[in-house]
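# Residue-level structural notes
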Amino acid sequence: MQGNKVAILGAGAWGAALATLAAENGHRVRVWSRQGSATLAEVVQDAEIVLSAISMKGVRDVASQVHSFTLSPTTIFVTATKGLEPQTIFTPSQIWQSTFPDHAVVVLSGPNLSKEIEQLLPAASVVASRDTTAAEKVQLVFSSARFRVYTNADPVGVELGGTLKNVMAIAAGVCDGLHLGTNAKAALVTRGLTEMVRIGNYWGAKTETFYGLSGLGDLLATCNSPLSRNYQVGYQLASGKSLTEILSHLPGTAEGVNTCQVLVQLARQKNIVIPITEQVYRLLQGDVTPKQALEELMLRNIKPE
């Protein structure tokens, strides 16, 4: 039996890891990157599944380019990007769905540090869509003995879990960089999850989704691993480096930096209480030192949990 034709957009570490997983399962995989020789039109031609693993800032541009090509009406779009569009506050799946209103869109997210997947270490992930059949098809394409894929019917929650935890990972990196200990880190991550749920509920996401792989799972992975770029941003800020310096040496994009700014803008408009995100934002802006940011969180008014 011939496998599906899968187009992977984005040849960074995450796109490359997903391309390998699909190819190992016998699917015909083509990868597009801005530096590659194949054109976007060639890569997506006849594709049954188009997976986008490009950074947030390129999503809308690439989606509109893909829209100009002739695709099968049954082509499934999968988004593996984590972030928010500053102008519209759209998630990546909302951009793909608004560009392709008649196509199934699936979100892929989970505690998946691409370096570990490259090293063939075991991992699990979630594919979520309002179209169950599409989610199940994508599940089969990527599932293997070392990469377990679950389906979920709450794409907004799954996508936001993966996006919001990046901000918490910056805070966790600060916590570790200041050597504040395990108790402080446990408190930070737990309250961070509460904050993620609060923001997610505003978007209509289900609370329980955040206790799954894409929320709590991804939060634990990213807040505890030096492999996480967002964690590195926080850790290095705590070590006295400037944000500009950190970002110029970082391989790939730390999406949490942009996400944090978009969230603060949204929270101020909608009166959503997000103290951790607010302090991370002030830290990234250079308004407070890492130590001051954490002290402010500890000095907040005491209240019931």
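Summarised in this report is the structure supplied together with it. Since the model is a prediction, treat every value here as computed from it, not as a measurement.

Below, the discussion takes up the side chain of Thr 259. Structurally, the position occupied by Thr 259 is in helix H12 (residues 255-270). With relative accessibility at 0%, the residue Thr 259 sits in the buried group. A polar contact is formed between the side chain of Thr 259 and the backbone oxygen of Glu 255, at a distance of 2.9 Å.

A word on unusual backbone geometry. The backbone of Ile 89 sits at a positive phi, close to 60°, despite the residue not being glycine. Since its relative accessible area comes to 12%, Ile 89 is described here as buried. Of note in this structure, His 179 is not a glycine but carries a positive phi near 55°. Considering the arrangement of structural elements, one finds His 179 in the loop between helix H7 (155-177) and helix H8 (182-202).

Counted according to the given criterion, the structure contains 10 salt bridges. Among the ionic pairs, Lys 165 bridges to Asp 218, the shortest N-O distance being 3.6 Å. Separated by 53 residues along the polypeptide, Lys 165 in helix H7 and Asp 218 in helix H9 (residues 213-223) bring together distant segments of the chain. Side by side, Lys 165 and Asp 218 carry an identical accessibility label, which is buried. Between Lys 291 and Glu 295 there is a salt bridge, with the nearest N and O atoms lying 3.0 Å from each other. Placement of both Lys 291 and Glu 295 in helix H14 (residues 290-298) is noted, with a separation of 4 residues, approximately one turn of the helix. The class for Lys 291 is exposed, based on a relative accessible area of 53%. Connected through shared salt-bridge partners, Lys 82, Lys 165 and Asp 218 make up one network.

Taken together, 7 strands build an open sheet; the order of strands is S2-S1-S3-S4-S5-S6-S7 and the sheet is mixed. The strands lining the two open edges of the sheet, one partner per strand, are strand S2 (28-32) and strand S7 (147-152). On average, adjacent strands in this sheet sit at an angle of 20° to one another, irrespective of strand direction. Pairing of strand S1 (residues 5-9) with S2 involves 5 bridges; the strand directions are parallel. Paired with Ala 7 across the two strands is Arg 30, which belongs to S2. Contacts from H7 reach strand S4 (76-79), strand S5 (105-109), strand S6 (123-128) and S7, with the element oriented near 35° to S5.

Let us look at the pairing of S5. Taken across its 5 residues, S5 has 5 buried, putting it largely inside the fold. Here S5 shows a buried face lined by Val 105, Val 107 and Ser 109 and a second buried face lined by Val 106 and Leu 108. The pairing of S4 with S5 spans 3 bridges and is classified as parallel. Paired with Phe 77 across the strands is Val 105, a residue of S5. Regarding topology, helix H4 (residues 92-99) serves as the crossover connection from S4 to the parallel S5, and that connection is right-handed. For S5 and S6, the ladder comprises 3 bridges, and the chain directions are antiparallel. Counted as the bridge partner of Ser 109 is Val 126 from S6.

Now for the packing of aromatic side chains. Considering all chains together, one arrives at 5 aromatic pairs under this definition. Note on Tyr 231 and Tyr 235: the rings are 5.9 Å apart at their centroids and 25° apart in plane angle, and the pair reads as stacked. Here Tyr 231 pairs with Tyr 235, and both are found in helix H10 (residues 229-238), just 4 residues apart, close to one helical turn. On the basis of relative accessible area, Tyr 235 is assigned to the partly exposed category, the value being 29%. Here the aromatic cluster, defined as three or more aromatic residues joined through ring pairs, consists of Phe 77, Trp 96 and Phe 100.

The rules we used
- Positions within a chain are numbered from 1, following the residues in the order the chain's sequence is written.
- Side-chain atom pairs in this predicted model are given and counted only at pLDDT of 80 or more, local residue features only at pLDDT of at least 70, and totals for whole chains, interfaces and linings cover all residues.
- For the side-chain quantities, the full set of heavy atoms in the structure was used; hydrogens and water were omitted.
- Helix and strand definitions here come from DSSP, where helices need a minimum of 4 consecutive H or I residues and strands a minimum of 2 consecutive E residues; each element is numbered from the N-terminal end.
- Throughout, exposure labels follow a simple rule: accessible area from a 1.4 Å probe, protein chains only, divided by the maximum for the residue type, with under 20% read as buried, over 50% as exposed, and the rest as partly exposed.
- Whenever two N or O atoms come within 3.5 Å, that pair is a polar contact, provided that in protein one can donate a hydrogen and the other can accept it, and provided that, for residues adjacent in sequence, both atoms are side-chain atoms.
- Just to be clear on terms, a salt bridge is a Lys or Arg side-chain nitrogen sitting within 4 Å of an Asp or Glu carboxyl oxygen.
- The pairing criterion is simple: DSSP has to find at least two bridges between the two strands.
- The convention used is that axes are lines fitted to C-alpha atoms, helices contributing only their stretch in contact, and that angles between N-to-C directions extend from 0 to 180 degrees.
- Throughout, a contact is declared for two residues whenever any of their heavy atoms are within 4.5 Å.
- If the strands point away from the viewer and the path from the first strand over the helix to the second runs clockwise, then the crossover is right-handed.
- Aromatic rings from Phe, Tyr and Trp, taking only the six-membered ring of Trp, are treated as a pair when their centres fall within 6.5 Å; an angle between ring planes under 30 degrees marks them as stacked, one over 60 as edge-to-face, and anything in between as tilted.

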